[in-house]
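# Overview (structure and organization)
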Amino acid sequence: KFKQIVSSIKEAGIVEPPVVSHSKSGGKYVLLDGHLRIEALRRIGETQVECLISTDDEAFTYNKYVNRLSPI
């Protein structure tokens, strides 16, 4: 899966940008969604990426494809 993400980023770039939120301590940001994409970008050698900034304080996931329901 990770190798697919790396090759997709190399070929098409970032399709779905990572999501960050302001940290409560200082001017830093917390990564909410896109951990594998960030790691793939690091492996490729990228140092910057455009991100979506979440202004909501709720525990909402931006990855709409995640299903946490039990299959039973």
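Up top is the structure these notes are about.
The paragraphs below set out a description of the structure included in this document. Nothing here was measured: the structure is a model prediction, and the numbers come from that model. Residues take numbers from 1 onward in each chain, read along the sequence in its written order. Two thresholds apply to this predicted model, a pLDDT of at least 70 for residue-level local features and 80 or more for giving and counting side-chain atom pairs, whereas whole-chain, interface and lining totals are computed over all residues. The side-chain figures draw on all heavy atoms in the structure; neither hydrogens nor water molecules are used.

What follows deals with the sheet that holds strand β1 (residues 19–22). Two strands make a pair as long as DSSP finds a minimum of two bridges between them. Working definition: helices are DSSP H or I runs of at least four residues, strands are E runs of at least two. Numbering for both runs from the N terminus. In spatial order, the strands read β2-β1-β3; together these three strands make up an open sheet with mixed pairing. Only two strands of the sheet have a single partner each, and these edge strands are β2 (29–33) and β3 (52–54). Shown here is a sheet whose adjacent strand axes are inclined to one another by a mean of 40°, direction ignored. With three bridges joining them, β1 and β3 adopt parallel strand pairing. Bridging across to β3, Ser21 finds its partner in Ser54. Axis geometry follows a simple rule: fit a line to the C-alpha atoms, using only the stretch in contact for helices, then measure angles between N-to-C directions, giving values from 0 to 180 degrees.

By the bridge criterion, four bridges tie β1 to β2 in an arrangement that is antiparallel. Considered in β2, the bridge of Ser21 is made with Val30. Counting the residues between successive antiparallel strands, the hairpin from β1 to β2 contains six residues, one of them, Gly26, with a positive phi of roughly 85°.

The classification of residues rests on relative accessible area computed with a 1.4 Å probe and restricted to protein chains. Under 20% of the type maximum is buried, over 50% is exposed, and intermediate values are partly exposed. Of the residues making up helix α2 (residues 35–44), those classed as buried are Arg37, Ile38, Ala40 and Leu41. Buried residues along α2 cover an arc of 160° about the axis, so they all sit on one side. Within α2, the exposed residues directed more than 90 degrees away from the buried face are Arg42 and Arg43. A contact between two residues is defined here by any heavy atoms of the two lying within 4.5 Å. Looking at the packing, one finds that the buried side of α2 touches α1 (2–12) and β2. Directions from the helix axis toward the C-beta atoms define the arc.

What is shown is where atoms sit, not what they do.
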